[in-house]
Amino acid sequence: MSDTHMPPLHEFLTDPSRAERLDPALVSLVETIADACRAIANHVRYAAFEGQSGAAGGTNVQGEEQKKLDVIADDEFARICSDVPRLAALVSEERDEITWLKEPEEGDYLVYYDPLDGSSNIDVDLSVGTIFSICQMAEGDRAEVLKSGIHQVCAGYAIYGPSTILVLTTGTGVNGFSCDDRSGDFRLTHADLTIPPTTSEFAINVSRYRHWDDAVRVYVDECLAGETGPRNRAFNMRWTASMVADVHRILIRGGVFLYPSDADNRDKGGKLRLLYEANPMALIAEQAGGKASTGLTRILEEVPQSHHQRISVILGSSEEVTRLEEYHQRQG
Ligand SMILES: O=P(O)(O)OC[C@H]1O[C@](O)(COP(=O)(O)O)[C@@H](O)[C@@H]1O
Ligand SMILES: [Mg+2]
Ligand SMILES: [Mg+2]
């Protein structure tokens, strides 16, 4: 394919034939986030040479062990974004508090991010990524960052795998841009990503089987029963333990991803964080034609109570998410 079929990110975002005209300030913010992701990809790639492998020796606000790269990625993301004129605040997985960059005004942007997702995979050289979500301040909601996912104006992630790919939605479909390491450009290589409604592949950490609710246990049991079970077909299973990699696979070839709340994590609300993991991935899933649910409700309608809030996550192929919702309703 020639370059003319692979427009660079800026050209794509400012294309006058797009269904929606994006605010130039939002375009510049998205391009700055792409710069941050490119920088983080380089840290991930060269970590062993730079003494950046292994644990940082501390824990984040969620009590989780921080890797050196979690801290470096967070600093890099915040540093690169700190000069964006209309960016009012950053909410990061790795920071206890909200980082205010300016006096917030109507129309300013808020960025929520997980600087390095799946960081337990770094030392074994598996794919990791950065997840982000962008909302805009409405009139009168000065200093309000607790917005439900339906208010996102953009969501995306970068996956640092064999190649670096930035996947984005601004509310009209989902597109993927691969980073050409020779020029540093992100170019459109995965146009109009869609999640097929039907799938025979699921992703869940099965080691938590004993903690699961009946709805999840019944669903997985039925998948595992194969051709002679109630689903009348064989299911495949994949689990990377890096949400970015697991969701990316679903965007490329379908599937359903589950990190449900269970008897072991329910007191915390689940495992994955609402504002910078669940919401952006839920918007991407829906924009790609899939669904995203807690099992009982649509993730994007969840009203956050705190900025590090956790939530149950089930997303991907619509038929499977709908089935899981039915099982949860039956369970009551
Ligand atoms: O180790 P587990 O329980 O399978 O959890 C894996 C999940 O945790 C996460 O790694 C959490 O993200 P962080 O690495 O950003 O904390 C997800 O990417 C992944 O889906
Ligand atoms: Mg994460
Ligand atoms: Mg993380």
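Residues numbered from 1 in each chain as written. Chains lettered and ligands numbered in written order. Predicted model: local features only at pLDDT ≥ 70, side-chain atom pairs only at ≥ 80, totals over all residues.

A. The arrangement of the overall build of the protein in detail. Helices and strands together make up the secondary structure of the protein, namely seven helices and 17 strands. Over its C-alpha atoms the protein spans a radius of gyration of 19 Å, differing by no more than 12% from the 20 Å that the globule rule assigns to 332 residues. For the protein, the spread of C-alpha atoms along the three principal axes comes to 55 × 50 × 45 Å. Here the protein holds 332 residues, and the buried ones make up 44% of them. (Helix = DSSP H or I, 4+ residues; strand = E, 2+ residues; numbered from the N terminus. Rg over C-alpha atoms; globule rule 2.2 N^0.38 Å. Buried ≥ 20, exposed ≤ 12 C-beta atoms within 10 Å, placed from the backbone.)

B. Layout of the site of ligand 1. Around ligand 1 sit Glu-64, Glu-93, Asp-114, Asp-117, Gly-118, Ser-119, Ser-120, Asn-205, Ala-241, Ser-242, Met-243 and Tyr-259, and that is every residue in its neighbourhood. Residues belonging to the shell around ligand 1 are distributed by class as follows: three nonpolar, five polar and four charged. Looking at which domains feed residues into the shell around ligand 1, each of domain 1 (3-190) and domain 2 (201-331) gives three or more. (Near = placed C-beta within 6 Å. Nonpolar A, V, L, I, M, F, W, Y, C, P; charged D, E, K, R; others polar. Domains from an automatic or database assignment.)

C. Local environment of the sheet that holds strand S5 (residues 109-117). The strand order across the open sheet built from eight strands is S4-S3-S5-S6-S7-S8-S9-S10, with neighbouring strands paired in mixed fashion. Of all the strands in the sheet, just strand S4 (99-100) and strand S10 (186-190) have a single pairing partner and so form its edges. Lying over the sheet, helix H3 (residues 68-81) contacts strand S3 (87-92), S4, S5 and strand S6 (128-136), oriented at roughly 155° with respect to S5. Lying over the sheet, helix H6 (residues 274-287) contacts S3, S5, S6, strand S7 (152-160) and strand S8 (164-169), oriented at roughly 85° with respect to S6. (Pairing = 2+ DSSP bridges. Contact = placed C-beta atoms within 7 Å. Axes fitted to C-alpha atoms, helices over the stretch in contact; angles between N-to-C directions.)

D. Representation of H6 in the model. Of all 14 residues making up H6, 14 are buried, and the element is well covered by its neighbours. Of the residues one or two after H6, Gly-289 is the one with positive phi, at around 95°.

E. Representation of the pairing of S7. By the criterion of burial, S7 is predominantly enclosed, with nine of the nine residues buried. Sheet topology places S6 next to S7; eight bridges connect them, and they run antiparallel. Pairing of Ser-133 across the sheet is with Ala-155, part of S7. Two strands pair when backbone bridges link them, and S7 and S8 are joined in this way by six bridges, in the antiparallel orientation. Across the sheet, residue Tyr-160 finds its bridge partner in S8, namely Thr-164. From the end of S7 to the start of S8, which pair antiparallel, there are three residues.

F. Structural detail: the domain arrangement of the protein. In terms of domains, the protein is made up of domain 1 (3-190) and domain 2 (201-331). Summarising the inter-unit geometry, the C-alpha centres of domain 1 and domain 2 are found 23 Å apart. Listed as interface residues are 35 residues of domain 1 and, on the opposing side, 29 residues of domain 2. Counting only elements with at least two residues in the side of domain 1 that touches domain 2, the list comes to S5, S6, S7 and S8.

G. Looking closely at the UniProt feature "binding site: Mg(2+) 1" (unreviewed entry) in the protein. Here the UniProt-annotated "binding site: Mg(2+) 1" (unreviewed entry) positions come out as Glu-93, Asp-114 and Leu-116. The named residues occupy 24 residues along the chain; their greatest pairwise C-alpha distance, 8.9 Å, places them in one compact cluster. Considering the arrangement of structural elements, one finds Glu-93 in the loop between S3 and S4. In this view, Glu-93 contacts Asn-60, Asp-114, Pro-115, Arg-273 and Tyr-276; residues no more than four positions away in its chain are not counted. Here Asp-114 shows up in strand S5. (UniProt positions renumbered as here; feature names shortened; annotations may be inferred.)

H. Region of interest: the nonpolar core. Among the nonpolar cores identified, the biggest contains 89 residues, and Leu-110, Val-111, Leu-166, Val-167, Leu-258, Met-281 and Leu-315 are the most heavily contacted of them. When we break this core down by domain, the ones giving at least three residues each are domain 1 (3-190) and domain 2 (201-331). Leave out the neighbours within four places in its chain, and Met-281 touches Ile-131, Met-243, Val-247, Ala-292 and Leu-315. (Core = buried A, V, L, I, M, F, W, Y, C linked by C-beta atoms within 7 Å.)

I. Focus on the UniProt feature "binding site: substrate" (unreviewed entry) in the protein. Sites flagged by UniProt as "binding site: substrate" (unreviewed entry) map to Asp-117, Gly-118, Ser-119, Ser-120, Asn-205 and Lys-271. If you trace the backbone, Gly-118 turns up in the loop between S5 and S6. Overall, the presence of 21 C-beta atoms within 10 Å leaves Gly-118 in the buried class. Not counting residues up to four positions away in its chain, the partners in contact with Gly-118 are Val-128, Gly-129, Thr-240, Ala-241, Ser-242, Met-243, Val-244 and Ala-245.

J. Structural detail: the sheet that holds strand S15 (residues 291-293). In spatial order, the strands read S12-S11-S13-S17-S15; together these five strands make up an open sheet with mixed pairing. Strands at the two margins of the open sheet, each flanked by one partner only, are strand S12 (236-237) and S15. Here strand S11 (residues 201-203) runs beside strand S13 (residues 256-259); their pairing, made up of two bridges, is parallel. If you follow Phe-202 over to S13, its bridge partner there is Val-256.

K. Geometry of the packing of helix H2 (residues 24-50) against H3. Contact geometry of H2 with H3 gives a least axis separation of 9 Å together with a crossing angle of 155°. Taken as axis vectors, H2 and H3 run roughly antiparallel relative to one another. In this structure, H2 crosses over H3, and the sense of that crossing is right-handed. Of the residues in H3, those touching H2 at Thr-32, Ile-33, Asp-35, Ala-36, Ala-39, Ile-40, His-43, Val-44 and Ala-47 are Leu-69, Ile-72, Ala-73, Glu-76, Phe-77, Ile-80 and Cys-81. Partitioning the contact of H2 with H3 into residue classes produces twelve nonpolar, two polar and two charged. (Parallel < 35°, antiparallel > 145°, perpendicular 65-115°, else oblique. Left-handed = near helix turned anticlockwise from the far one by under 90°.)

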